[in-house]
Amino acid sequence: MIDEFAKDNLHGRLRRDRRALLWKLDGLSEYDARRPLTVTGINLLGLVKHVASVEARYFGEVFDRPSPEPLSRWQDHDGSDLWAAEDEMRDQIIESYRRTWEHSDATIDELALDAPGHVPWWPEPYANTNLFAILVHVLGETNRHAGHADILREGVDGRTGMRPEHETQIDEDARTTYCAKIEQAARSAASNSTPGAMSGRWPSASTRSARTR
């Protein structure tokens, strides 16, 4: 009973985060879906492509159930799953991700939580693992990148939220007022801080001792 509850709970959260990640592409132009949005080049369509490859490997190769989606050898990984080339269509990447869901779901449904798997790109002794550990790992990976997508999409057009049915109308005035309040608090805190605290460093031992006298 506990095993089935754990599997259903983890699997349900994975399904939730998949949908949230994919929704972050909704309504974007081709350029905004693909362009680098951080100094390290993170982009929204690339996040979807990357998470699809993660699922395909972990719920495929790890359990000797290779994904039907085309994948390069893990030894040849070159970062190309983190962005979309100009000849890679957005719809193709999205559909590949959805087909990967189906393959992953079949693995999760058919195997027990203690079913053994082997991750050749993990160091020993962690390479020998099981479905429970892989479910937790992939859920964490998907959740992390869905969080990245939240921030990136907010920076593009201000849209936020986890599901379209929970999205609220953007109130620019309310947002401006809220941010101004946080900005003022930050400036006040900085003006009252010691030089060591303002620079992000702990005060020296002598400074701490002087404060306690």
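For the structure itself, consult the block above.
None of the values given here were measured: they were computed from a predicted structure.

K.L.:
Please clarify how the nonpolar core should be interpreted in this entry.
P.N.:
Soluble, globular proteins show a tendency: their nonpolar side chains are buried together. Within the largest apolar cluster, 20 residues are counted, with the highest numbers of intra-cluster contacts made by Leu21, Leu22, Leu25, Leu44, Val48 and Tyr97. Secondary structure elements with two or more residues in this core: helix H1 (2-23), helix H3 (44-58), helix H4 (90-110) and helix H5 (131-157). Per-element accounting of this core gives the leading share, six residues, to H3. Of all hydrophobic cores here, the second largest spans 16 residues; its members include Leu10, Tyr58, Leu113 and Ile134.

K.L.:
Looking at this structure, I do not really get the packing of H1 against H3. What am I missing?
P.N.:
For any two helices packed against each other, one specifies the crossing angle of their axes together with the interaxial distance. At their nearest, the axes of H1 and H3 sit 10 Å apart, and the two run at 155° to each other. Classed by the angle they form, the pair H1 and H3 counts as roughly antiparallel. Between H1 and H3 the crossing geometry is left-handed. In this structure, H1 uses Leu14, Arg18, Leu21 and Leu22 to contact H3, whose residues at the interface are Leu47, Val48, Val51 and Glu55. Taken together, the residues of the contact of H1 with H3 sort by class into six nonpolar, no polar and two charged.

K.L.:
How should H5 be read in this particular structure?
P.N.:
Note: α-helices contain 3.6 residues per turn, so residues at a spacing of three or four share the same orientation. The terminal C-alpha atoms of H5 lie 38 Å apart, and with 27 residues this matches the ideal 39 Å at 1.5 Å per residue to within 8%. Positioned one or two residues after H5, Gly158 has a phi angle of 85°, which is positive.

K.L.:
Just to check I follow, could you spell out the packing of aromatic side chains for this structure?
P.N.:
Within a pair of aromatic rings, the relevant descriptors are the distance that separates the centres and the angle that separates the planes. The final tally for this structure, using the stated rule, is three aromatic pairs. Judged by centre distance (5.9 Å) and plane angle (50°), the rings of Tyr58 and Trp122 are tilted. Of this pair, Tyr58 sits in helix H3 while Trp122 sits in the loop between strand S1 (116-118) and strand S2 (128-130), and the two are 64 residues apart along the sequence. Overall, the relative accessible area of 8% leaves Tyr58 in the buried class. Ring geometry for Tyr97 against Trp101: centres 5.1 Å apart, planes inclined by 80°, an arrangement best described as edge-to-face. Pair noted here: Tyr97 and Trp101 are both in helix H4, with a separation of four residues, about one helical turn. The pair formed by Tyr97 and Trp101 is uniform in burial state, with each residue classed as buried. Within the aromatic cluster, the residues linked to one another by ring pairs are Tyr58, Trp121 and Trp122.

Thresholds applied
Residues numbered from 1 in each chain as written. Predicted model: local features only at pLDDT ≥ 70, side-chain atom pairs only at ≥ 80, totals over all residues. Heavy atoms only, no water. Core = buried A, V, L, I, M, F, W, Y, C linked by side-chain atoms within 4.5 Å. Buried < 20%, exposed > 50% of the residue type's maximum accessible area, 1.4 Å probe, protein only. Helix = DSSP H or I, 4+ residues; strand = E, 2+ residues; numbered from the N terminus. Axes fitted to C-alpha atoms, helices over the stretch in contact; angles between N-to-C directions. Parallel < 35°, antiparallel > 145°, perpendicular 65-115°, else oblique. Left-handed = near helix turned anticlockwise from the far one by under 90°. Contact = heavy atoms within 4.5 Å. Nonpolar A, V, L, I, M, F, W, Y, C, P; charged D, E, K, R; others polar. Expected span 1.5 Å × (residues − 1). Phe/Tyr/Trp six-rings, centres within 6.5 Å; stacked < 30°, edge-to-face > 60°.

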